[in-house]
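Observations on chain architecture
Here's the letter readout for the chains.
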2 protein chains.
Amino acid sequence: MTTSPFLQALRGVRGDTLPVWFMRQAGRSLPEYRRARAGTTMLESCLDPALAAELTCQPVRRHGVDAAVFFSDIMVPLKLAGVDVEIALGVGPVMGAPTRTDAEIAQLCGRGSGDQSVITDGVALTVRELGDTTPVLGFAGAPFTLAAYLVEGRPSRDHLAARTLMHANPAGWQRLANWCADVSVAFMKAQVAGGARAFQLFDSWAGSLSRADYAKYCAPSSRKVLRAAHDLGIPTIHFGVGTGCMLDLFSEDATAVGVDYRTDLRTAISVLRSVHSEPVIVQGNIDPAMLGCPPEVLEAHINTVITAGRNADAHILNLGHGVPKDTDPDVLTRLVARVHERTAND
Amino acid sequence: MTTSPFLQALRGVRGDTLPVWFMRQAGRSLPEYRRARAGTTMLESCLDPALAAELTCQPVRRHGVDAAVFFSDIMVPLKLAGVDVEIALGVGPVMGAPTRTDAEIAQLCGRGSGDQSVITDGVALTVRELGDTTPVLGFAGAPFTLAAYLVEGRPSRDHLAARTLMHANPAGWQRLANWCADVSVAFMKAQVAGGARAFQLFDSWAGSLSRADYAKYCAPSSRKVLRAAHDLGIPTIHFGVGTGCMLDLFSEDATAVGVDYRTDLRTAISVLRSVHSEPVIVQGNIDPAMLGCPPEVLEAHINTVITAGRNADAHILNLGHGVPKDTDPDVLTRLVARVHERTAND
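Residues numbered from 1 in each chain as written. Chains lettered and ligands numbered in written order. Predicted model: local features only at pLDDT ≥ 70, side-chain atom pairs only at ≥ 80, totals over all residues. Heavy atoms only, no water.

Residue and element names in this part refer to chain B. With five of five residues buried, strand β6 (residues 236-240) lies mostly within the body of the structure. In β6, alternate side chains face the same way, and those of Thr-236, His-238 and Gly-240 on one face and Ile-237 and Phe-239 on the other are all buried. Examined bridge by bridge, strand β5 (residues 198-203) and β6 share five bridges and lie parallel to one another. Residue Phe-199 lies in a different strand from β6, and its bridge partner there is Thr-236. (Buried < 20%, exposed > 50% of the residue type's maximum accessible area, 1.4 Å probe, protein only. Helix = DSSP H or I, 4+ residues; strand = E, 2+ residues; numbered from the N terminus. Pairing = 2+ DSSP bridges.)

Here is the structure:
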């Protein structure tokens, strides 16, 4: 396991092979995923350890990626805490009721994290199958993203109600964000207990915030989750969407920063180098839109990303957002092969 | 009209009154709007000159704003060009079929802009009602945003198909973006012919682009629209959402830059001052999420925005995105009164 190029990169070490994996690699782009998931809802699949392990391993078997991100959903810790949440097909997470008033926040925050043993079991089954060849990456949703779903009650574009709450009732917001951090920590620990060797915090909606609001109302609870992983000796990757103007804040308390496709990787590395004395470790940032382009266009784009990544102390190749659901999986398989072949001979 | 604080600001002149208007001020937040619109679809309302004029005037009568943005929709020029588009309730613009292949692009681009007389008539009726007191602001959607709707066929989060097209088929993309610029120019000219005194270009989706992609694939067609207005002697405001990292590009060929709520206004002004010798004129950027906050929180936020705006040569106060549909209209009325009262005594 010590020779895993993915874990090496998270120690700031550049090995012979550039590690590569894909956000949302376990998912609808794979026919074997669609077959295995048939007849089960998203949350049922996440709560079935054998199925979650199978779905986690599928992209490793097919593509030969360097990390196995555990198949789950950022809503799972809310479900395990007893929150009334479902993932509606074609819509996304939908709550039984939004959490907005002090009374609603108090009721929610009275909940414990619940029994996470199905998560630990799912990760342990995955580790048993993959052995020492491919490390399992745990993950959780960042407190702002979880809280935004809880306050809005469903997906929204601007997260207006959540952003209003943080200004209108800062104490209530802080309580809510802190509770979200606690359930994400519990979810992280359950994955680590099963054998996860690294952890990624996803802040899908942070790009709807101003830098000042992120720093004041959201960064503290995200850092709480990152620090909890760090305290367990687990390296962390912190990824946000549309957060190019606050990568320095995203790098605080994180081992590596995930860079989205909108942000120039070379610029991101310069910014990180200017604010940190530690090794600069980045993950990203192939534009998912390029996966549908002719091979020579995709190849040129990947070359640009790899070349930019050489300015960092270590680089984990990934997309700059999740795998689109109608991606041709062969494109991803060939991409992994080309990256492994090239960096070994390069 | 020469004393309009809005038009003065667009000449870089700071008058006694800070001009204020709201993006999407004519809309669902007003009960008189919901009454007037009852029984008509969005596009029918836009194509009825008397109704469009009435809806344009409503927020001027109610709030006393300093500019009357013409009631219409960025999809109207596509409809007038004969494109099969409807605005589905709760969904947004939906095309009969997406435009993706060269053949589909060629078919679309064979269309002329169509008869725009209902637009000119609607603006003229508005100008007749408002007289010299409140100038009418015309607008259009930026070519990228229009093209993204055409390629996707409906609203999407990441505009993947559109962004794939620009890389996979740059010539086809350029033809499409250029055609979108042409229909936006026709729409702008129709509004100017009716008496519009200024023009805003809206790029709602530009924030889904990297800076490099915006510069290469989208900025040229947007500049074509801005220059066409400039050639008519019409001052322009260029507004994008999530475009804080490319405000310098947004300011090219624009009289003023609209700053979204995510971007710190003071920082935006510094960036613009560092790249331009012309007067720095900004519009924005009250966070719409603040409209639902207690009065003292909103007041403090508005003070911060006004203070930041003093670093520009001129400032048009506005939201940093559109009026949310469930905004209490009295909050907006009071906001306008407070701004007018304060800046006159300040």
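Now for the layout of surface pockets. When its volume is computed, the second largest pocket comes out at roughly 380 Å³. In terms of residue class, the lining of the second largest pocket is built from nine nonpolar, six polar and five charged. (1 Å grid on protein atoms, 1.4 Å probe; cavity = no way out; pocket = protein on both sides within 12 Å on 5 of 7 lines; lining within 4 Å. Points joined across faces, edges and corners; volume = space filled by probe spheres on them. Nonpolar A, V, L, I, M, F, W, Y, C, P; charged D, E, K, R; others polar.)

On to the interface of chain A and chain B, then. Residue-level contacts link 28 residues of chain A with 28 residues of chain B. Here chain A and chain B share an interface that buries about 2,200 Å² over both sides, 57% of which is from carbon and sulfur atoms. Looking at the side of chain A facing chain B, the largest losses of area belong to Arg-157, His-167 and Arg-262 of chain A, adding up to 24% of the total buried there. In this assembly, chain A and chain B are joined by two salt bridges. Between Arg-163 of chain B and Asp-287 of chain A there is a salt bridge; the shortest N-O distance is 2.7 Å. Where chain A meets chain B, there are twelve residue pairs in polar contact (both at pLDDT 80 or more). For the side of chain A that touches chain B, the elements supplying multiple residues, two or more each, are α9 (160-168) and α11 (211-231) of chain A. The leading source of residues in the side of chain A that touches chain B is α9 of chain A, at five residues. Residues of the side of chain A that touches chain B, tallied by class, amount to 13 nonpolar, eight polar and seven charged. (Contact = heavy atoms within 4.5 Å. Buried area = accessible area lost by both parts, 1.4 Å probe. Salt bridge = Lys/Arg side-chain N within 4 Å of Asp/Glu carboxyl O. Polar contact = N/O pair within 3.5 Å; in protein donor to acceptor, adjacent residues only side chain to side chain.)

Our focus in this paragraph is the sheet that holds strand β8 (residues 281-286) of chain A. Residue and element names in this part refer to chain A. Strand order in the open sheet made by the seven strands is β1-β4-β5-β6-β7-β8-β9, with parallel pairing throughout. Each having just a single partner strand, β1 (68-69) and β9 (314-319) make up the two edges of the open sheet. Here three bridges tie strand β6 (residues 236-240) to strand β7 (residues 256-258), and the two strands are oriented parallel to one another. Its bridge partner being in β7, Ile-237 is matched across the sheet by Ala-256.

Our focus in this paragraph is the relation of the copies chain A and chain B. What relates the two chain copies is a rotation about an axis together with a slide along it. Laying chain A over chain B is done by rotating through 180° and shifting 0.0 Å along the axis; what remains is an RMSD of 0.0 Å. Look at the turn and shift together and you get a two-fold axis relating the two. Residue Cys-245 of chain A, judged by its C-alpha, is the member of chain A lying nearest the rotation axis, at 3.4 Å. Most of the interface of chain A is mirrored in chain B, where 100% of its interface residues again form contacts. (Least-squares fit on C-alpha atoms with pLDDT ≥ 70 in both.)

This paragraph deals with the pairing of strand β5 (residues 198-203) of chain A. Residues and elements named next belong to chain A. Counting buried positions along β5 yields six of six residues, so the element is predominantly enclosed. Summarising the sheet, strand β4 (residues 136-141) and β5 pair through five bridges and their orientation is parallel. When the bridges of β5 are listed, Phe-139 appears paired with Gln-200. Following the backbone out of β5, through α11 and into the adjacent parallel β6, one traces a crossover that is right-handed. (Right-handed = clockwise from strand over helix to strand, strands pointing away.)

Read across the sheet, seven strands follow the order β1-β4-β5-β6-β7-β8-β9 (chain B) without closing on themselves; strand pairing throughout is parallel. The open sheet has two edge strands, β1 (68-69) and β9 (314-319) of chain B, and neither has a second partner.

Glancing now at the state of the cysteines. Disulfides are covalent bonds that connect the sulfur atoms of two cysteines. All chains considered together, the criterion is met by one disulfide over all chains. The residue that forms a disulfide with Cys-245 of chain A is Cys-245 of chain B, at a sulfur-sulfur distance of 2.3 Å. Residue Cys-245 of chain A is located in the loop between β6 and α12 (247-250), and its partner Cys-245 of chain B is located in the loop between β6 and α12 (247-250); the two belong to separate chains. In this structure Cys-245 of chain A comes out as partly exposed when scored by relative accessible area, which is 44%. Among the cysteines around Cys-109 of chain A, which has no disulfide bond, Cys-180 of chain A carries the closest sulfur, lying 7.4 Å off. Overall, Cys-109 of chain A belongs to the buried group, its relative accessible area being 17%. No disulfide involves Cys-57 of chain B; its sulfur sits 15 Å from the nearest other cysteine sulfur, which is in Cys-46 of chain B. (Disulfide = S-S within 2.5 Å.)

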